[in-house]
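Structural overview
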Amino acid sequence: MKITRTYSRLAKEAGALLGKEIQLARKEKAWSEQTLAERIGISRTTLQKIESGDMTVAIGLTLEAAVILGIPLFATESPSLSQSIQTASGKLTLMPKRIRTKTKKVKDDF
């Protein structure tokens, strides 16, 4: 039986922020998802979950991704999480189209 967990808004925002920061740092280093996933020792799908802020991914994997990318994990002063998520999302939007995530068409004709 699968247990459905609920998370506070703050916890969800923290997960989303860390995911966006990991995605941004990976793209700034010009690393592919596969490259970072191999360095962490996880699948590309798990990395995509980390970058999307999925709360079901083990915290150790998320922290390992942050450490490998050189993301500082704890700061003495930080702006609100919502503001930081918006800033990270804005930076990702401004990146060149060739490095943004491509949308895949679903082939549903059998």
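Residues numbered from 1 in each chain as written. Predicted model: local features only at pLDDT ≥ 70, side-chain atom pairs only at ≥ 80, totals over all residues. Heavy atoms only, no water.

1. Some points on the overall build of the chain
If you tally the helices and strands in the chain, you get five helices and zero strands. Start at the N end of the chain and walk to the C end: the helices and strands fall as α-α-α-α-α. Of all 110 residues assigned to the chain, the portion counted as buried reaches 29%. Restricting to contacts in the chain with at least 6 residues of sequence separation, those with at least 24 account for 66%. (Helix = DSSP H or I, 4+ residues; strand = E, 2+ residues; numbered from the N terminus. Buried < 20%, exposed > 50% of the residue type's maximum accessible area, 1.4 Å probe, protein only. Contact = heavy atoms within 4.5 Å.)

2. Focus: a nonpolar patch on the surface
Taken together, I59, L63, V67 and L73 make up a surface patch of nonpolar side chains, about 340 Å² in accessible area. Along the chain, I59 turns up in helix α4 (residues 59-69). (Patch = residues over 30% accessible without salt bridge, like charges linked within 9 Å, V, L, I, M, F, W, Y side chains within 5 Å. Areas by Shrake-Rupley, 256 points an atom, 1.4 Å probe, with all protein chains shown as cover. Salt bridge = Lys/Arg side-chain N within 4 Å of Asp/Glu carboxyl O.)

3. A closer look at the nonpolar core
By size, the foremost hydrophobic cluster in this structure holds 15 residues, and its most contacted members are I22, L36, I40, I42, L47, L69 and I71. Those elements that place two or more of their residues in this core are α1 (9-28), α2 (33-40), α3 (44-52) and α4. In this structure, L69 is in contact with I22, A25, R26, K29, W31 and L36, ignoring residues within four places of it in sequence. (Core = buried A, V, L, I, M, F, W, Y, C linked by side-chain atoms within 4.5 Å.)

4. Observations concerning the UniProt feature "domain: HTH cro/C1-type" (unreviewed entry) in the chain
As annotated by UniProt and renumbered to match this structure, "domain: HTH cro/C1-type" (unreviewed entry) occupies residues 22-53. This span, residues 22-53, is 75% helix and 0% strand, and a straight line between its end C-alpha atoms measures 10 Å. (UniProt positions renumbered as here; feature names shortened; annotations may be inferred.)

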